[in-house]
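The residues making up each chain are set out below.
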Amino acid sequence: MAIWPLIRLLPQKTNFTYVKFAGIAAFLSIALCVASIVSIFTGGLRENPIEVYQQAEGTPLARIGAIMEHGFNLGIDFRGGTSILIEAPGPIDQEALRALGQSAQDGDIEVQGVTCRPNNAPPYCALLNFETAPNQSATVETIRGGLASVAEGARITNVDAVSAKVSEELFSGGLIALGLAILLMMFYIMFRFEWQFGVGAMLGLVHDVILTLGIFSFFRIEFTLTIIAALLTIIGYGINDTVVVFDRLRENLRKFKKMPLADVIDLSLNETLSRTIITGVTALMALVGLLFLGGEALSGFAIAMLFGIICGTYSSLYVAAPAILIWGVKRGRGETRGGASQATPETAA
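Quick notes on the rules
- Residues numbered from 1 in each chain as written.
- Predicted model: local features only at pLDDT ≥ 70, side-chain atom pairs only at ≥ 80, totals over all residues.
- Heavy atoms only, no water.
- Salt bridge = Lys/Arg side-chain N within 4 Å of Asp/Glu carboxyl O.
- Helix = DSSP H or I, 4+ residues; strand = E, 2+ residues; numbered from the N terminus.
- Buried < 20%, exposed > 50% of the residue type's maximum accessible area, 1.4 Å probe, protein only.
- pLDDT = per-residue confidence, 0-100.
- Contact = heavy atoms within 4.5 Å.
- Pairing = 2+ DSSP bridges.

Remarks on the pattern of salt bridges
Phase 1 of the analysis: In the structure shown here, the tally under the stated rule is seven salt bridges.
Phase 2 of the analysis: When the shortest N-O distance is used, the salt bridge between arginine 275 and aspartate 241 registers 2.7 Å. Linking arginine 275 in helix α11 (residues 273-293) with aspartate 241 in helix α9 (residues 225-255), this pair joins segments that are 34 residues apart in sequence.
Phase 3 of the analysis: Given the relative accessible area of 1%, aspartate 241 is considered buried.
Phase 4 of the analysis: Across the pair arginine 250 and aspartate 247 runs a salt bridge, and its minimum N-O distance is 3.1 Å. Within this pair, arginine 250 and its partner aspartate 247 are both found in helix α9, separated by three residues, close to a single helical turn.
Phase 5 of the analysis: Aspartate 247 gets classed as partly exposed once you look at its relative accessible area, which sits at 23%.
Phase 6 of the analysis: One network of salt bridges, with partners in common, ties together Arg248, Glu251 and Glu271.

Re the confidence of the model for the chain
Phase 1 of the analysis: Across the chain, pLDDT averages 80, with 87% of residues at or above 70.
Phase 2 of the analysis: Within the chain, the lowest mean pLDDT, 38, falls on helix α14 (residues 345-348), and the highest, 91, falls on helix α1 (residues 22-42).
Phase 3 of the analysis: Taken as a whole, residues 333-349 scores under 50 in pLDDT and shows 30 contacts with residues more than four places along the chain or in a different chain.

Some words on the pairing of strand β2 (residues 81-88)
Phase 1 of the analysis: For β2, the tally of buried residues reaches seven of eight residues, placing the bulk of the element in the interior.
Phase 2 of the analysis: With seven bridges connecting them, β2 and strand β4 (residues 124-130) associate as antiparallel partners. Bridged to isoleucine 84 within β4 is leucine 128.

Remarks on unusual backbone geometry
Glycine aside, a negative phi is what most residues show, and trans is what most peptide bonds show.
Phase 1 of the analysis: For arginine 220, which is not glycine, the phi dihedral falls at a positive 55 degrees.
Phase 2 of the analysis: As for its position among the elements, arginine 220 is in the loop between α8 (195-218) and β6 (222-223).

In structure tokens, the structure reads:
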């Protein structure tokens, strides 16, 4: 079978010295992470965190959570609002439903297609979410009167209100889910390889999540539950890429027991580079299509995934693997902390 022509452009063998630039990459990563954290706690340099802390209520931890909430442009999922379930015997025009919601209510409008019956059998359903307002009943009636433009026979079957308190719990729960995912991944890598690998993987995942959150905070991109799902997906993608690199690194550590650790890391990264590029580019191509063709509802998810995959690829090369140099690994009597050896790379090879 013919190989995709563009793949042939990739070099069969590379000899990049990643570890040589590990110090520069570490400085850049730390600077970007610090900038992202500052943006998260200052609302993209738009909020005074001290004032937010003083105005918030509850325990100090709850007040810190309030500061983080101000750091993002939270969607209806996290701010609270009203959700209307609409049912129709035929397909529902979601863009028309969004326009109807915008004509009836100021503020953010979210439209989600949902499945009412197995296998998408009629009737068809959609959720219209908007911020709760004092004239909620009038808004619902306005939407009810315009449903004929959305789908023939469309009707409102349920109206639910989500309180701000529940929304705060959703936000804190989403952040806890991210933290637990990173910790569980770290323990998995520790069990699968060594503790040094686990710490390196955790640093890479934390790096990816913080930078992605920083992008959403600084540019005030709407932050919804969909973005939490994207961040969890980024964690999964990042750990998958890191495991491939670590697996090759472990093989080379056994094969070249006297080669300096820095050289083994460079060798392993070069041997897995083509796989990393092909996987990343394939995912990016799909996400670019999703960004431009997926509509407004999926734009935030696509942006998070695009940036997260780029960060995940970078962190696999310049964060997770080079971080192992800080602690070193055990490869026998000749190996010491930091990867010193008793033989040159040529002798080991």
